[in-house]
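# Secondary and tertiary structure notes
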Amino acid sequence: MLDLADRRTEKARTEHAAATKELPFQRGDVLFHSTHGLCLVKGIVGKPSGLEGLSYWIEPVRPAKHLSRYFVGVYQAIQSGFHLPISGKEVEDIFASFRSGKTEPETALNENYSLRLRTVAQGNTAQAFAQVLLMAVSKQLYCDRGESKIVKHAAEALAQEIAVVLKIPVKKAFSLIRKHLRAHLVAHPWLGDTLTYKD
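Each chain carries its own residue numbering, running from 1 in the written order of its sequence. Confidence filtering applies because this is a predicted model: local features only for residues at pLDDT of at least 70, side-chain atom pairs given and counted only at 80 or more, and all residues used for totals across whole chains, interfaces and linings. Note that the side-chain values use all heavy atoms of the structure and ignore hydrogens as well as water.

## As for helix α5 (residues 126–138)
- Each helix corresponds to a stretch of at least 4 residues labelled H or I by DSSP, and each strand to a stretch of at least 2 residues labelled E; elements are numbered beginning at the N terminus. Take the number of residues in a helix, subtract one, and multiply by 1.5 Å to get its expected span. Taking 1.5 Å of rise per residue, 13 residues should cover 18 Å, and α5 covers 19 Å from first to last C-alpha, within 8% of that figure.
- With a 1.4 Å probe rolled over the protein chains alone, any residue whose accessible area is under 20% of its type maximum counts as buried; one over 50% counts as exposed, and the rest are partly exposed. Of all 13 residues in α5, eleven are buried, a share of seventy percent or more.
- Among the residues making up α5, those that are buried are A126, A128, F129, A130, V132, L133, L134, M135, A136, V137 and S138.

Have a look at this one:
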């Protein structure tokens, strides 16, 4: 027979399990982050009704010199850049979109290009970063400094994820992106420089 303390513990476990069941990531999931690389969800901690709520306990798959662990609110994880890695097929789909030349229509570009670029980039997924690159080659004018920074980050993040998925060096991933976007680079030489790997 359970005593009062055991009942409270059992109730807390049940509430925790119910609260975490519908979350986007679960314990044991491998995630990707453009800064931290592949990461493992070690657990989901906190109380559903607590002041800070539930958080993911995330650690890089490849440990650094010092133990790295991150506690990210469950509803901030995606916004912070953590997501499930893309598949090899999704990499090919991205390359196909680059080759197809399906860029942004001019009407869309006239609707506050900078704001749209920033909004798309905040998706923090490989597909979002690929769309940023396609938006960049759609623009007839050079990007301003702020826009160039967004495009540079998108290119770096996309190359890093492709490198992890295809198990190739990041330099090779940059080359593949450049290869599949080459039809657009003549008109956008600044983008060619952005897509060149730098040590």
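## Comments concerning helix α2 (residues 88–100)
- Here α2 is 13 residues long and its end C-alpha atoms lie 18 Å apart, about the 18 Å a rise of 1.5 Å per residue gives.
- Considered for burial, the residues of α2 that qualify are V91, I94, F95 and F98. Buried residues along α2 cover an arc of 95° about the axis, so they all sit on one side.
- Whether two residues are in contact is decided by their heavy atoms, any of which lying within 4.5 Å being enough. Its buried side turned inward, α2 meets α5, α6 (145–166), α7 (170–180) and α8 (182–185). Each direction from the helix axis to a C-beta atom contributes to the arc, which is the arc of those directions.

## Overview of the packing of aromatic side chains
- Centres within 6.5 Å are what make two rings of Phe, Tyr or Trp a pair, Trp counting through its six-membered ring; a difference in plane orientation under 30 degrees is then read as stacked, over 60 as edge-to-face, and the rest as tilted. Inspection of the entire model under this criterion finds three aromatic pairs.
- Where F25 meets Y56, the ring centres are 5.6 Å apart and the plane angle is 50°; that geometry is what we call tilted. With a gap of 31 residues between them, F25 in the loop between α1 (4–20) and β1 (30–33) and Y56 in strand β3 (residues 55–60) connect regions that are remote in the sequence. Per residue, the accessibility class of F25 equals that of Y56, and both read buried.

## Brief notes about the layout of surface pockets
- For the largest pocket, the calculated volume is near 240 Å³.
- Definitions used throughout: a 1 Å grid over protein atoms alone; a cavity as a set of points that fits a 1.4 Å probe which cannot get out; a pocket as an open set with protein on both sides within 12 Å along at least five of seven lines; a lining residue as one with an atom within 4 Å of a point. Residue lining of the largest pocket: H36, G37, L38, P60, V61, R62, A163, V164 and K167, and that is the complete set.
- Elements represented by at least two residues in the lining of the largest pocket include exactly β2 (37–45) and α6.
- Three classes are used, and their members are as follows: Ala, Val, Leu, Ile, Met, Phe, Trp, Tyr, Cys and Pro are nonpolar, Asp, Glu, Lys and Arg are charged, and the others, Gly among them, are polar. When the residues that make up the lining of the largest pocket are grouped by side-chain class, the tally is five nonpolar, two polar and two charged.
- The calculated volume of the second largest pocket comes to roughly 170 Å³.
- Lining of the second largest pocket is provided by K152, E156, Q160, V170, F174, D193, T194, T196, Y197 and K198.
- For the lining of the second largest pocket, the element with the most residues is α6, which contributes three residues. Grid points are joined across faces, edges and corners, and a volume is the space filled by probe spheres set on the points.

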